[in-house]
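Given next are the chains, with one letter for each unit.
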Amino acid sequence: MNCVEAELTVLVDDNAGYVKGILGQHGFSVLVKVKDKTEKCYNILFDVGQDSKVLLHNANLLSINLNNVDSIAFSHRHYDHTGGICTLLKELGKRLPVVAHPDIGKPALIIDENKPRVNLNAGLPCSIAELKKISSLILTRSPLTLAPGVWWLGEIPRITSYEKGPRWSYTVSDDGELIRDPMKDDTGMAISIENYGTIVITGCSHSGIVNIITYASKVTGEGVRAIIGGLHLVDADDDVLEKTLNDLHKLGVKEVYAGHCTGIKAESLLIKSYNDKFNKIYTGYKMLFKVE
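Bear in mind the structure is a predicted one, so any value in this text is a computation, not a measurement. (Residues numbered from 1 in each chain as written. Predicted model: local features only at pLDDT ≥ 70, side-chain atom pairs only at ≥ 80, totals over all residues. Heavy atoms only, no water.)

*Asks:* How would you sum up the overall build of the protein chain? Please name residues and give values.
*Replies:* In terms of helices and strands, the protein chain carries seven helices and 18 strands. In terms of C-alpha radius of gyration, the protein chain reaches 18 Å, essentially the compact-globule figure of 19 Å for 292 residues. Buried positions account for 57% of the 292 residues belonging to the protein chain. Within the protein chain, contacts between residues at least 6 apart in sequence are counted, and of these 73% link residues at least 24 apart. Just so you have it, the protein chain exposes about 12,600 Å², and 49% of that area is on carbon and sulfur atoms. Across the protein chain, 32 positive and 35 negative side-chain charges occur, with their mean positions spaced 3 Å apart. (Helix = DSSP H or I, 4+ residues; strand = E, 2+ residues; numbered from the N terminus. Rg over C-alpha atoms; globule rule 2.2 N^0.38 Å. Buried < 20%, exposed > 50% of the residue type's maximum accessible area, 1.4 Å probe, protein only. Contact = heavy atoms within 4.5 Å. Areas by Shrake-Rupley, 256 points an atom, 1.4 Å probe, with all protein chains shown as cover. Lys, Arg positive; Asp, Glu negative; His and termini not counted. Charge placed at Lys NZ, Arg CZ, Asp CG, Glu CD.)

*Asks:* A description of the layout of surface pockets should follow, citing residues and the corresponding values.
*Replies:* Of the pockets and cavities examined, the largest pocket occupies roughly 410 Å³. In this structure, the largest pocket is lined by 18 residues; those nearest its centre are Tyr162, Lys164, Gly165, Ala236 and Val240. (1 Å grid on protein atoms, 1.4 Å probe; cavity = no way out; pocket = protein on both sides within 12 Å on 5 of 7 lines; lining within 4 Å. Points joined across faces, edges and corners; volume = space filled by probe spheres on them.)

*Asks:* Tell me about the pairing of strand E3 (residues 41-46), and please be specific about residues and values.
*Replies:* Most of E3 sits out of view: five of its six residues are buried. By the bridge criterion, six bridges tie strand E2 (residues 29-35) to E3 in an arrangement that is antiparallel. Looking across to E3, one finds that valine 34 is bridged to tyrosine 42. In this structure, E3 lies alongside strand E4 (residues 71-73), joined through three bridges in parallel fashion. (Pairing = 2+ DSSP bridges.)

*Asks:* Give a detailed account of the sheet that holds strand E1 (residues 5-12), specifying residues and quantitative values.
*Replies:* Sheet architecture is open: seven strands sit in the order E8-E5-E4-E3-E2-E1-E18, paired in mixed fashion. The open sheet terminates on both sides in strands that have one partner only, identified here as strand E8 (136-139) and strand E18 (286-289). Going across the sheet, the axis of each strand differs from the next one's by a mean of 20°, ignoring polarity. Bridge analysis of strand E5 (residues 97-100) against E8 gives four bridges, and the strand direction is parallel. Looking across to E8, one finds that alanine 100 is bridged to leucine 139. This element, helix H1 (residues 52-61), spans E1, E2 and E3 of the sheet and lies at about 125° to E1. (Axes fitted to C-alpha atoms, helices over the stretch in contact; angles between N-to-C directions.)

*Asks:* Let's hear about the pattern of salt bridges: which residues, and what values?
*Replies:* Overall, the coordinates contain twelve salt bridges when judged by the stated rule. With its nearest N and O atoms 3.0 Å apart, the salt bridge here joins arginine 225 to glutamate 255. Pair noted here: arginine 225 is in strand E15 (residues 224-230) and glutamate 255 is in strand E16 (residues 255-259), with a separation of 30 residues, a long-range link. Owing to a relative accessible area of 8%, glutamate 255 belongs among the buried residues under this scheme. Its salt-bridge partner being glutamate 267, residue lysine 280 comes within 2.8 Å of it at the nearest N-O pair. Pair noted here: lysine 280 is in strand E17 (residues 278-280) and glutamate 267 is in helix H7 (residues 264-274), with a separation of 13 residues, a long-range link. (Salt bridge = Lys/Arg side-chain N within 4 Å of Asp/Glu carboxyl O.)

As structure tokens, this is what we get:
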């Protein structure tokens, strides 16, 4: 069963919006509220930003009560998407379902030879054991239904040749060796809205936005109409940008709502390509998807 309406509110993004006192912070979090045919509502928090204080502050300014959240889903393990989880759960005092890939607890290291950038603790801020104590942690590689018409997509098959993931991302193998991080935990959320189509929400798209869209179509059984979130094209070269744009159109994407790690150059190309169907998201940005 599909939902009939999806309302999205960006609670954390790199850019602050127009509400007085609202905060921008490097990271991403969006509250997803869907309504089914019986008018029942489901509230899902997709990512939590890097700091629960910022998340809670922004939610309060936007008159959003996070105590109404039914579940939390992670796009991937990087700190700017998971950093606020433990303090948020303790603040809410609720044992919520938290959905993530089994690799969510793996080390996430940032080592960039081209920039003076080293971060040896860029992943989940707490241990899996600690997270299990304060949440109902669900670890899966497979798609999972979170509400009517809403899927957490699970592990994304890598099918494109040009979406290779960040060069600066490293992890540690099971035998303790430093290796390039395949970022298998990077995923998205798909929402199928009756008589409207499917929208896809991403955190950073490290697995490739085209790969995510392709898999979302397979999971939902229909094409993707809109994409929302970070597209991680900030470091992409001209060839990758051109191929990405071409494939977005080939896959039937009609609307783009981009922010966080998308990058100014990519956003400028998306504006030229999508015109008024491109939207720059920011903290406090609201979207409503339904058929009038």
